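Results of the structural survey
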Amino acid sequence: MFVAAVISAIVSAPPPTGFTTAVERVALERTASSVDVQVDPLMRAINLRGARPVARQKSQLCPKVQQRRTEVTLECTTRRLWAALGEDSQGLYLDVRTLRGVTWTWDANAVPLQTWPLKPLGIPDACPGTSDAVKAECLLGEGRLFEAEELYTAALRGVDAHLARVRLGDLAMLRGDAEGALSWYSKVTSAGPTARMAELRLCDLTGACLGLKPPTLAGLPPEMELEARLHLIRQDLAIDRDRQAMQQLVSQLEAKRPICQRTRAFCQKAVAAALASEDEETVSLALSAFATAGLSEGPFGVEVAQAAAAAAEAAGAPAFAAAVLSSLSGRLPADELDRHLQHVVRLYLSAGDTIRAGYIVEYAAQKLPAATFRARAWSTLSRATNPGRPVASARTPPPRLTERLPELTQDIEVSRE
């Protein structure tokens, strides 16, 4: 069971100096009365609304600045990223830090916190529980964090103290208390599954094991093994080992393991990050994970689908890209639909599929304002959907994608109506 944490209660405390390798303060100027920052570590990005970096200052950690519709995006050099807004006598600023370990924000960039099965841990009890540790684990699953913390603290005096220490560390991390979490995880000295999960969390915090031989996961209960696998995937992504991360993810999906079933947001973010790679095999694996896990649905479905389509198009696979994008047509804002549908038609034409291109033209005629559809671009596309009209040939995909994409395209569930 995944924890329904009360996000508004989480404190975004800055990481202590010992957990960072670089610190930078970026001066900001307001562009609106309300200012908001969102950190997207897996995409190496910081998104600002209502403010922008002052023109005279260039960030070293996030050197590229992209002005988008309603926000400014800082493109950073690392995924081990932490950032928060601050203000002092000199004005508004952005505190940016590079972490030693893995970013610990509890959002889609992190491995979701979940409760564990009790019997494999040697605890002969079940919810609602009779012992303090089990009662606390049940409350944790319900998102009742403050009550759970009180019972985990009481459980430190009992036989299940090892579970209580891990969970007190998790709750400290939810508050942004890295030092407190490190202290609790370090105190888990018992052998068994709980200690192995504590070791993964210590690696996330300190970065001491990143890049080293991963631990064996044999013997862990299935639910805990999947959680551990997600930690290893996240750790690989943190140090830019995108191919290894996608190999792990695809191997789990091919084995029919439900690794993305309840962690869809994390899988979408991880795959979107890997799709930006310049390595052909990494992109191929990421496309396979996208199609196999059906990641176009869910909280970041549009974003990862657009990334998958862009990667496939760049590799010379327009049919795959068109199939993915056409499935998004009913989910986009009205002001994006015209350009989107034109793009889909051109992709189908590039793939030589004038029939589906024609379907999209008909869909556009129904959905777009009449004045928009009468534009010259749509007249040209309408004529091009004539099967007798020659179309541009698609660039030949790289060999590995040539082998994978025809099958993957069939996996994409799209409406043909």
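Check the entry above for the structure.
Since the structure is predicted, the reported quantities are computational estimates derived from the model, not experimental observations.

Here we come to the packing of aromatic side chains. Tallying each qualifying case throughout the model produces one aromatic pair. Against the face of Trp 116 rests Arg 167, its NZ or CZ located 4.0 Å from the ring centre. The ring of Trp 184 carries Lys 187 above its face, with NZ or CZ at 4.9 Å from the centroid.

Right, let's get into the sheet that holds strand β7 (residues 81–88). Spatial strand order, β4-β1-β8-β7: four strands in an open sheet with antiparallel pairing. At either margin of the open sheet sits one strand with a lone partner, and together these are β4 (51–53) and β7. Each strand axis lies, on average, 35 degrees off the axis of its neighbour in the sheet, ignoring direction. Summarising the sheet, β7 and strand β8 (residues 91–99) pair through eight bridges and their orientation is antiparallel. The partner of Ala 84 across the bridge, within β8, is Asp 95.

With their axes 7 Å apart at the nearest point, helix α6 (residues 222–238) and helix α7 (residues 242–254) run at an angle of 155 degrees to one another. Here α6 lies roughly antiparallel to α7, going by the angle between them. With respect to the hand of their crossing, α6 and α7 are arranged in left-handed fashion. Contacts between α6 and α7 involve Leu 226, Arg 229, Leu 232, Ile 233, Asp 236 and Leu 237 from the first element and Asp 242, Gln 244, Ala 245, Gln 248, Leu 249 and Gln 252 from the second. Among the residues forming the contact of α6 with α7, the class breakdown is six nonpolar, three polar and three charged.

This brings us to the pairing of strand β5 (residues 64–67). Across four bridges, the pairing between β5 and strand β6 (residues 72–75) is antiparallel. When the bridges of β6 are listed, Gln 67 appears paired with Val 72. Remark: four residues form the turn of the hairpin made by β5 and β6, two consecutive strands paired antiparallel.

The sheet built from four strands is open, its strands ordered β2-β3-β6-β5 with antiparallel pairing. Every interior strand has two partners, whereas the edge strands, β2 (36–40) and β5, have only one. Shown here is a sheet whose adjacent strand axes are inclined to one another by a mean of 20 degrees, direction ignored. Note: β2 against strand β3 (residues 45–49), five bridges, orientation antiparallel. Looking at the pairing, Asp 40 lines up with Ala 45 of β3.

A separate point is unusual backbone geometry. A cis amide bond, omega 10 degrees, links Cys 127 with the succeeding residue Pro 128. Inspection of the secondary structure puts Pro 128 in the loop between β8 and α1 (132–141). Here Arg 44, not a glycine, exhibits a phi torsion of approximately 55 degrees, which is positive. Secondary-structure assignment places Arg 44 in the loop between β2 and β3.

Scanning the model with the defined rule gives four disulfides in all. Each sulfur of the disulfide joining Cys 62 and Cys 76 lies 2.1 Å from the other. When the S-S torsion is 90 degrees, as for the bridge of Cys 62 with Cys 76, the disulfide is right-handed. Of this pair, Cys 62 sits in the loop between β4 and β5 while Cys 76 sits in the loop between β6 and β7, and the two are 14 residues apart along the sequence. Taking the relative accessible area as the measure of exposure, Cys 62 reaches 1% and is therefore buried. For Cys 76, a relative accessible area of 9% translates into the label buried.

Here we take up the pattern of salt bridges. By the definition in use, this model includes 22 salt bridges. A salt bridge links Arg 144 to Glu 147, with the nearest nitrogen and oxygen atoms 2.8 Å apart. Among the residues examined, Arg 144 registers a relative accessible area of 37% and is labelled partly exposed. A salt bridge links Asp 170 to Arg 167; its shortest N-O distance comes to 2.9 Å. You can see Asp 170 and its partner Arg 167 sitting in helix α3 (residues 161–174), three residues apart, about one turn around the helix. Judged by relative accessible area, which is 1%, Asp 170 ranks as buried. On the basis of relative accessible area, Arg 167 is assigned to the buried category, the value being 0%. Linked by salt bridges that have partners in common, Glu 137, Arg 167, Asp 170, Arg 201 and Glu 227 make up one network.

With respect to the secondary-structure elements, Ala 22 resides in strand β1 (residues 20–30). Of the residues examined, Ala 22 reaches a relative accessible area of 24% and is grouped as partly exposed. Sequence separation of Ala 22 and Leu 81 is 59 residues, and the distance between their C-alpha atoms is 9.9 Å. Among all residues touching Ala 22, those that are not within four sequence positions of it are Leu 61, Val 96, Arg 97 and Thr 98.

Calculation criteria
The residue numbers shown here count from 1 along each chain, following its written sequence. In view of the model being predicted, local features appear only for residues whose pLDDT reaches at least 70, and side-chain atom pairs are presented and counted only at 80 or more, with totals across whole chains, interfaces and linings using the full set of residues. In computing side-chain properties, one takes all heavy atoms of the structure into account and sets aside hydrogens as well as water. A pair of aromatic rings is counted whenever rings of Phe, Tyr or Trp (Trp by its six-membered ring) have centres within 6.5 Å, and the orientation is called stacked for planes under 30 degrees apart, edge-to-face for over 60 and tilted otherwise. Geometrically, a lysine NZ or arginine CZ counts as sitting over a ring once it is within 6 Å of the ring centre and also within 35 degrees of the ring normal. DSSP bridges decide pairing: two strands pair if at least two such bridges lie between them. Every helix listed is a DSSP run of H or I at least four residues long, and every strand listed is a run of E at least two residues long, numbered separately from the N terminus. Axis definition: a line fitted to C-alpha atoms, limited for helices to the stretch in contact. Angles are taken between N-to-C directions and run from 0 to 180 degrees. Just so you know how the angles are binned, under 35 degrees is roughly parallel, over 145 roughly antiparallel, 65 to 115 roughly perpendicular, and the rest oblique. When the near helix sits turned anticlockwise from the far one by under a right angle, the crossing is termed left-handed; a clockwise turn instead gives a right-handed crossing. By the convention used here, residues are in contact when the closest approach between their heavy atoms is within 4.5 Å. Only Asp, Glu, Lys and Arg are considered charged in this grouping, and only Ala, Val, Leu, Ile, Met, Phe, Trp, Tyr, Cys and Pro are considered nonpolar; every other residue, Gly among them, is considered polar. Disulfides are defined in this document as cysteine sulfur pairs within 2.5 Å. For each residue, the accessible area found with a 1.4 Å probe, counting protein chains only, is set against the maximum for its type, and the residue is called buried under 20%, exposed over 50%, and partly exposed in between. Salt bridges are counted wherever a side-chain nitrogen of Lys or Arg sits within 4 Å of a carboxyl oxygen of Asp or Glu.

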